[in-house]
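Descriptive structure summary
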Amino acid sequence: MVEVLFEDIFRVERLNPDDKKLFDKVTRIEARSERFDMFMHLDINSELYPLKVGQKFALLLVPTLNPDGTPDTGYYVQNNRLSLAENFEYVMYGKLYRVSEGSGREKAEINISFGGLLMMLKGEPSQFNKFELDQRLFLLMRKV
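What you see is a predicted model, and the numbers here were worked out from it, not measured in a lab. Here, residues in each chain are numbered from 1, in the same order as that chain's written sequence. Reporting of local features is limited, given that this is a predicted model, to residues whose pLDDT is at least 70; pairs of side-chain atoms are given and counted only at 80 or more, and all residues count toward the totals for whole chains, interfaces and linings. Hydrogens are left out, water is left out, and the side-chain values use all remaining heavy atoms of the structure.

1. Focus on the pattern of salt bridges
Counted only if it meets this: We count a salt bridge whenever a side-chain nitrogen from Lys or Arg sits within 4 Å of a carboxyl oxygen from Asp or Glu. Each helix is a run of H or I in the DSSP string that is no shorter than four residues. Each strand is a run of E no shorter than two, and both are numbered from the N terminus. Only protein chains enter the accessibility calculation, which uses a 1.4 Å probe; a residue is then buried when its area is under 20% of its type maximum, exposed when over 50%, and partly exposed in between.
All told, the structure shown has eight salt bridges when counted by the stated rule. Of the charged contacts, one joins Glu-13 and Arg-32 as a salt bridge, the two residues approaching to 3.7 Å between their closest N and O atoms. Of this pair, Glu-13 sits in strand 1 (residues 6-15) while Arg-32 sits in strand 2 (residues 26-33), and the two are 19 residues apart along the sequence. On the accessibility criterion, Arg-32 (30% relative accessible area) is partly exposed. Residue Lys-25 pairs with Glu-47 through a salt bridge whose shortest N-O separation is 3.7 Å. Placement of Lys-25 in the loop between strand 1 and strand 2 and of Glu-47 in the loop between strand 3 (39-45) and strand 4 (56-62) is noted, with a sequence separation of 22 residues between them. Since its relative accessible area comes to 54%, Glu-47 is described here as exposed. Sharing partners across several salt bridges, the network here consists of Glu-13, Arg-32 and Asp-37.

2. Topic: the sheet that holds strand 6 (residues 108-114)
Inclusion rule: Any two strands between which DSSP finds at least two bridges are classified as paired. As a rule, the C-alpha atoms of each element are fitted with a line to give its axis, helices using only the stretch in contact, and angles between N-to-C directions run from 0 to 180 degrees.
One closed barrel accounts for eight strands, arranged 1-2-3-7-6-5-8-4; its pairing is antiparallel. This sheet shows a mean twist of 35° between the axes of neighbouring strands, independent of strand direction. The pairing of strand 4 with strand 8 (residues 136-143) spans six bridges and is antiparallel. Across the sheet, the residue bridging to Phe-57 is Lys-143, located in strand 8.

Shown next as structure tokens:
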């Protein structure tokens, strides 16, 4: 069984929060999670996966798409194997490039780059115990 590093349902609070849209097909969403009260900025390809303010989506971060948890080779192989991606609408692959551990009342934060599309996830330090610097991750999303 695959190890799910993070899973929650988010609600989109704002689109392009800095009032600047740098690329035509990219939107930065600002969202907050329901269960763990996490705060997130996430760049998405809005042409492929448009989201609106108020919309909810499920988000998972996993190290592999193989349902049995076997490590990902890093290469795409077209075959008939089952994949976690089959149950989701939007999938990205990236690298965790920054981990800042919060202490006391300070929130912890992780930053992941998905080929230039960035994610910042901020919340309680206990939610980030499974993450490591330079870790390769899959982000999976589906609207709920």
